[in-house]
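Here's the letter readout for the chains.
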Amino acid sequence: MARASIPLLAALFVFSYHIHLYPAISLTPPSSSSAFLHGGGAIRPAMVLPLYLSPPNISRSVANSRRHLQRSGPNSHPNARMRLYDDLLLNGYYTTRLWIGTPPQRFALIVDTGSTVTYVPCSTCEQCGRHQDPKFQPELSSTYQPVKCNIDCSCDQDRVQCVYERQYAEMSSSSGALGEDILSFGNESELAPQRAVFGCENVETGDLYSQHADGIMGLGRGDLSVVDQLVEKGVISDSFSLCYGGMDIGGGTMVLGGISPPTDMAFANSDSLRSPYYNIDLKKILVAGKPLPLNPKIFDGKHGTVLDSGTTYAYLPEAAFVAFKEAIMKELHPLHQIRGPDPNYNDICFSGGSSDVSKLSDTFPAVEMAFGNGQKLLLSPENYLFRHSKVRGAYCLGIFQNGKDPTTLLGGIIVRNTLVMYDREHSKIGFWKTNCSELWERLHVTGASPPVPSSSNGNNSTIESPPTEPPNHVLPGGVQIGQITFQMSLSINISDLKPHVPELSEFIAQELDVNTSQVHLLNVMSKGNNSIVSWAILPSDSASYISNATATSIYSQLSEHRVQLPHTYGNYQLLQWKIEPPADRTWWQQHYVVVLAVTITVIVALLVSGTWFIWRKRQQPVNSYKPVNVAVPEQELQPL
C-alpha cells in the first residue's frame, strides 16, 4: 500500500485532523487490479490533501495524555527484531508478522510510518475483505479486553466502548472498536510479548477492503502508535529502524527499539514540531556531483521533506522535479528515451542499461541528498529508478512531480538497501547504505534470544505468549506430502513470458533444489501487465511423497523471496501455497508391481518353453530317402 496517513496531533487540542499523503501506488495487490504496478500502472499524481475533521478525542489513548517518555540509551533496552516480507514495487508495500492474543493469532500488517493506529479485521466485521489470514477472534483470546468508554476516547453510540476511525485520501477507510491484548513480535525478537491497544475493524472500504495484507501496523507519532505505547511502557528506547530490500531482493528487516548506529551513518535532523510526519532538513540535491540550481527553501514547503514507508515512489515540488529531470536527462544523453510501460502515464524511461543492478552505476549518475548539517545520503540508481516491465534493460524514473503541492515526499524507493534509523529520542533520522538481506551480519549482531517470561500485576502486565508459528515455517511431523502447489505473480507480460516458460521451470527447480522432472507447470494466465503462473512440485521418481524438510525449505525460500530468478522475469510474489497428501491409490496402483512381476515371469517362462521346444524339434533326425532295392517289410493286407 503506497500510502501515508497521520493525524495531526496538537498537544494543546483534544481533537485531531486526518491528513493523508495521496498514494503513489494503490493498496490493491497486482492480482486484483490491472492498474497497480507503477511499471504497469500506478495511481498518480501524488498530492498532499487534508481530509475530514474527526470527532473530538478520536486519537487519544486511554492512558494519561501527559505521559513522560523514558529517555535512555539504545543499549539499555531489548528490541523487537522483525522480518519484512513482500516487495515494494510488486506489492506497493512491505508487511511484517504480528501475533495478537492468547493463544496468538497471526496477521500480516503493512509497516507504515504514516499511520498511528494498528488495526486488524475483527470476527464481527461484515464489511471486511478477504485477506491473507483469518480475522481476529477476541472470543478465542483469554487475554483480550475491550477498551471501555472514558473521557479520553471517542465512544460508540451506546457509550460502552472506545472506537476509532481513519479516512484516507484514496477514499478508503477503516473503523472499529479499540481493544487491548498481548502483542507478540516473533521468534527473532528479544522483546517479550506486551499488552497494547489496537483497532478491531468492523468496517473497511476501498483499497483497505481489497488489499491482500490483513491490516496496518502504525509506526507514526501518536498515542495509539505501537512505538509510542512500547516507549511509554519503558520496554524499548524511543527509536525504531527499517531496512527495505533492493531492486532484486524483496523483504527486509524492522527493529522496534534502539540499535547501535554504524560509525559512518549519515544523520539528518527531524523536527517533530515542524510536522506531525517524520521529516528531514533536506537542503540540496546533487546529480553527478552538481547541485541543482534551487533555493533550499523549496524543500521546506508545507509539511517540509517527509519520509513515508507506506508510499512507494518519491515526489518533488514542481520546480525541483523539473530541475532534477533535466539534470538526469543531460547525463543520460547516450541512452535512448522510450515510452513507459503504461500508456496512461508519461513515464520518463530509457533503454540500453544493464540488466545487472550492480552495473547500473556505470550508466546512470549518482544522486546525493545534502542535509542541513552538511551530511549527505548517496542514492544509487536503484533508489530513483524502477525497471521497465516490458523492455529488458530499460528503466524509468521513480521520482515524480507532486502536483502543485509544495511538500517533498520521499517514499520507500529512496531507501532501498538502506538502513533508516528513526531516532525519535534525539530528533534525528539516520541513513546507512547496506545490503538489507545481510544486515545483521554487517552489523555483527547475533541471533536474538527467546523472550524471557515475566509477570506483574495489573492490566499492563507482560505475559509470555510466543508465536504459534515455529521458526522457518516448520511443518508438523508425520504429514505425508503428495505434492506442493503454489501460485506466483511475475512482473512480466504474458506474451514475453510464454516463450521462456521451459527455462523458468529449470530455474525454479534449481533454486528450490529439486529435479526438473519434479516441477510441473499447471497454468499461465495474464493479470494486467503481470503474469500469474501456477506450479506443482511432485515427489522425485524414487519417492512416494515429499519430505517435510523439503516442503519447509521450498515455502521459506518462496515466501522470503530467496528464490533468485533472472532479470528477464522481473520480480515475483508468492500468491498462494498449498500442500496436498498423496492421492488414494487404486487396487492396480497398489499392486501393479506384483502384477507386473508375475506378468514378466509368465512371459519369460513362455519364451523359454517356446525356445526349448523349437530347439528339441530341430534336434530330431529327418527321414532320409531309401534306395529302390532296399527291402521293405510287407504290410498285411486287410481282408475285403
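Refer to the structure presented above.
Residues numbered from 1 in each chain as written. Predicted model: local features only at pLDDT ≥ 70, side-chain atom pairs only at ≥ 80, totals over all residues. Heavy atoms only, no water.

**Some details on the state of the cysteines**
What counts, and what does not: Pairs of cysteine sulfur atoms within 2.5 Å are what we label disulfides. To sort residues, take the accessible area from a 1.4 Å probe on protein chains only and compare it with the maximum for the residue type: under 20% means buried, over 50% means exposed, and anything in between is partly exposed.
On inspection of all chains with the given rule, the structure shows six disulfides. Disulfide pairing places cysteine 153 opposite cysteine 162 at an S-S distance of 1.9 Å. Residues cysteine 153 and cysteine 162 share a disulfide whose torsion about the S-S bond is about -75°; that sign makes it left-handed. The exposure classification of cysteine 153 matches that of cysteine 162, with both residues buried. Disulfide connectivity for the protein, with bonded cysteines indexed by sequence position, reads 1-8, 2-3, 4-6, 5-7, 9-12, 10-11.

**Let's talk about the nonpolar core**
Our working definition: Among buried residues, the Ala, Val, Leu, Ile, Met, Phe, Trp, Tyr and Cys ones that are joined through side-chain atoms within 4.5 Å form a nonpolar core. Strands here mean DSSP runs of E at least two residues long; helices mean DSSP runs of H or I at least four residues long; both are numbered from the N terminus. For this analysis, residues touch if any pair of their heavy atoms sits within 4.5 Å.
Counting residues in hydrophobic clusters, the biggest one holds 89 residues, and the most contacted among them are Leu256, Phe324 and Phe431. No other element matches helix H4 (residues 318–331), which puts six residues into this core. Once residues lying within four places of it in the same chain are set aside, the contact partners of phenylalanine 431 are Met265, Ala266, Ala268, Ile280, Leu307, Phe371, Leu377, Val415, Thr418, Leu419 and Val420. Grouped together as the second largest cluster of nonpolar side chains are 29 residues, Ile494, Leu512, Ala551 and Ile554 included.

**Overview of the environment of histidine 500**
Locating histidine 500 in the fold gives a position in the loop between helix H6 (494–497) and helix H7 (501–512). Here histidine 500 falls in the partly exposed class, since its relative accessible area comes to 27%. Separated by 69 residues in the primary sequence, histidine 500 and tyrosine 569 place their C-alpha atoms 8.9 Å from one another.

**Quick look at the sheet that holds strand E24 (residues 367–371)**
Formally: By this definition, two strands are paired if DSSP reports at least two bridges between them.
Across the sheet, four strands lie side by side as E19-E18-E24-E25; this open sheet has antiparallel pairing. Whereas interior strands pair on both sides, the edge strands pair on one side only; in this sheet they are strand E19 (290–291) and strand E25 (376–379). Relative to E19, strand E18 (residues 282–287) runs antiparallel, the two being bridged by two bridges. By the bridge assignment, valine 287 is partnered in E19 with lysine 290.

The values reported here are purely geometric and, on their own, carry no functional implication.
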